Amino acid sequence: MGLGVLTLTTDKTTAATDAETADVALAQSGDGRAFERLYRGQVSRIHSLVRRMLDSDEADDVTQDVFVRAWEKLYTFRGESAFGTWLHRLAVNVVLGRRKALGTERGRRSADDSPLETVAARNQVPEHTVDFEEALGRLPDGSRQVFLLHDVEGYRHEEIAKLLGIVAGTSKSQLHHARMALRKHLDR
Amino acid sequence: MSDRWTDRLSEYLDGELGERERAELAAHLNACVECAATLSGLRRVVTRAQALEDRPPSTDLWPGIAGRIGLATDEFTVRRRTRERRFSFTVPQLIAASIVLVAASAGTAWLALRGPRSDTAVRPTQVAPAPQLATWMPKVEKSSDIAVFELRSALADGKRTGRLDSLTVASLEHSLAVIDSAIAQATRALESDPGSAYLNHHLADTYRRKFDFLRQANRIASART
C-alpha cells in the first residue's frame, strides 16, 4: 500500500446507516440509483427471509416482488422505524400474500415431525453436518412460519397471530412443536 | 417423555409464564432430568436459529426489478456497480474528489436558489409525492454531527502526533466547511419552497455524498493516526 493509499470496503458506521436514510429520501423522489443502493444493502436479508418462508424455487421471484412493492409503497415510509424494518414487514406481508394466493397448504407436510426423519435418512451423515435450514424447511408449514417469525425474525406472538390470522395461543403451540421437532433433529 | 410441564417449556424459555407457574416449573426442572434435558435442547434450537446467516441470491435480481419498475439498467449503471465494490483513494484524490463534490453541490444549490427548476430531471418515474424534509432531516443531521466530530477528533490526533500534515488537515477541513455551506444553502432554499421535489432530492443527495466523504475521510484519518 503506497503513501496515503487505503483500500476502502463497506462498513456499518453511523454515517453509512444514515446514508441509507438519505437514499430513502432520494428514492422517494424517484431516484432509481438510490433505490438500487437500498436494494443492494437489503437483498441478502430479504432473500433469506423469503427463501426460508417459501420454497427455494420461488425465492427469486418473490424477492423481486418485494422490491417492486417497496418501490410502489415507498411514499408511505415516514421514517418512524429503520428502513430495513419497514422493508422487512413489507416482505413478510408479500410472502404471506403469496402463500395465500398459492394455497400453500398443499398437504405436503403433516403435523408430525416425520419430514425431519426424511432429512436425516436422506443425508446419511452425522447430525452435525445435516443442514439446519433444510430441516427447518421440512417443518409443517404452520409451525415453520411461526418459528421463523418468532425465533429468527424476532416477532412477538401477538404480532404473529395478527399476521397469520390465528390466536396467540396457537402461535405459542406451533412454536413449541417446531422447536421440539428441531431439537430432535439437532440431537441426532 | 412427556409430562404436564413438557408443553410449557418454550413459554418458560421465553419468559412468558406467570410468576407462580414459573416458580413451579423451575422447581420441577430441579427434579426432572428429562425436562431439564429437553429445555437445554430447546435453548440450543433458539441459539441456532438466531445464528442463521443471511445469504444473497445466487443471481443478481436487480435487472429484473429495474425492468419491472421502469428503470433502465444502462451501461453506466453496470460500470458504476462494478466500481463501487472496492475503492482505493489517496489523500490528494480524496481531497480532489471532495472539492468536485463541493463545487457541484454549491453550484447546484446556487442554481436552485436563483434559477428555474425542473422536477422531471430527478424523477425517472412518478412514484411518490415529494418527501417532507421533516421526516428524515433531524436524524440525518444528528448523525452527520457525530461523524464530523469523529473526523475532527481523528484529524486533531493526526496533527498532534505529526502523522497528518497541516496541509492535509486544512484541506479536509476546508472541504467539509464548503460541503456544509452547500447543505446550508439548500436547506434555506427548501425552507422557502418546502414542497420542491428538486430541492428535497438535491439536499438528500448532498447529505449522502457528505456521508460518503466522511466515511472515507474518517478511514484515512484513522489509518494514518
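Throughout this document, residue positions are counted from 1 along each chain, in the order its sequence is written. For this description, chains carry letters from A and ligands carry numbers from 1, given in the order in which they are written. With pLDDT at 70 or above as the cut-off, local features in this predicted model cover only qualifying residues; side-chain atom pairs require 80 or more to be listed or tallied, and sums for whole chains, interfaces and linings still use all residues.

## Things to note about the overall build of chain A
At step 1: Broken down by element type, chain A carries 9 helices and 1 strand.
At step 2: For the purposes of this entry, the term helix denotes a DSSP run of H or I that reaches at least four residues, the term strand denotes a run of E that reaches at least two, and both are numbered from the N terminus. When the helices and strands of chain A are placed in sequence order, the string is β-α-α-α-α-α-α-α-α-α.
At step 3: Counting all 188 residues of chain A, 44% fall into the buried class.
At step 4: In chain A, the proportion of contacts linking residues at least 24 apart, taken out of those at least 6 apart, comes to 57%. Here a residue counts as buried when 20 or more other C-beta atoms fall within 10 Å of its C-beta, as exposed when 12 or fewer do, and as partly exposed in between; the C-beta atoms come from the backbone. Contact between two residues is assigned when their C-beta atoms, built from the backbone, lie within 7 Å.

## Side note on the overall build of chain B
At step 1: Scanning chain B from N- to C-terminus turns up 9 helices and 1 strand.
At step 2: Ordered by position from N to C terminus, the α and β elements of chain B give α-α-α-α-α-β-α-α-α-α.
At step 3: Within chain B, buried positions represent 31% of all 225 residues.
At step 4: By sequence separation, contacts in chain B at least 24 residues apart represent 76% of the contacts at least 6 residues apart.

## Some words on helix α3 (residues 33-50) of chain B
All names here are of chain B.
At step 1: When the terminal C-alpha atoms of α3 are compared, their 26 Å separation across 18 residues agrees well with the 26 Å that a helix rising 1.5 Å per residue should span.
At step 2: Regarding α3, the residues found buried are C35, T38, L39, L42, V45 and V46. One side of α3 carries all its buried residues, which in axial view fall inside an arc of 115 degrees. Residues V33, S40 and T47 are exposed on α3 and point more than 90 degrees away from its buried face. Helices are assigned an expected span. That span is 1.5 Å times one less than the residue count. The reported arc concerns the directions from the helix axis to the C-beta atoms and nothing else.

## Some thoughts on the environment of D61 of chain A
Residues and elements named next belong to chain A.
At step 1: Checked against the element boundaries, D61 lands in helix α3 (residues 56-73).
At step 2: Since 14 C-beta atoms lie within 10 Å of it, D61 is described here as partly exposed.
At step 3: When the C-alpha positions of D61 and V50 are compared, they lie 9.6 Å apart, and in sequence the two are 11 residues distant.

## Notes on the nonpolar core
At step 1: One finds A22, V50, V66, A91 and V95 of chain A to be the most contacted residues of the largest nonpolar core, which totals 81 residues.
At step 2: Residue contributions to this core peak at 12 residues, all from helix α9 (residues 197-224) of chain B.
At step 3: Here V66 of chain A is in contact with I46, V50, L90, A91 and V94 of chain A, once residues within four sequence places are set aside. To form a nonpolar core, buried Ala, Val, Leu, Ile, Met, Phe, Trp, Tyr and Cys residues must be joined through C-beta atoms within 7 Å.

## Focus on the environment of E21 of chain B
At step 1: Mapped onto the fold, E21 of chain B is located in helix α2 (residues 19-31).
At step 2: A sequence separation of 13 residues divides E21 of chain B from R8 of chain B, and the C-alpha atoms of the two residues are 9.4 Å apart.

## Let's talk about the packing of helix α2 (residues 32-53) of chain A against helix α4 (residues 83-102) of chain A
Residue and element names in this part refer to chain A.
At step 1: Comment: axis = line fitted to C-alpha atoms, over the contacting stretch for helices; angle = value between 0 and 180 degrees taken between N-to-C directions. Their axes nearest at 10 Å, the elements α2 and α4 cross at an angle of 35 degrees. Between α2 and α4 lies a crossing of right-handed hand. Taken together, the residues of α4 that come into contact with α2 (itself represented by L38, Q42, R45, I46, L49, V50 and M53) are F83, G84, L87, H88, A91 and V95.
At step 2: Polar here means any residue outside two lists: the nonpolar Ala, Val, Leu, Ile, Met, Phe, Trp, Tyr, Cys and Pro, and the charged Asp, Glu, Lys and Arg; Gly therefore counts as polar. A class-by-class count of the residues in the contact of α2 with α4 yields 9 nonpolar, 3 polar and 1 charged. Left-handed is the label given to a crossing in which the near helix is rotated counterclockwise from the far helix by less than a right angle, and right-handed is the label when the rotation is clockwise.

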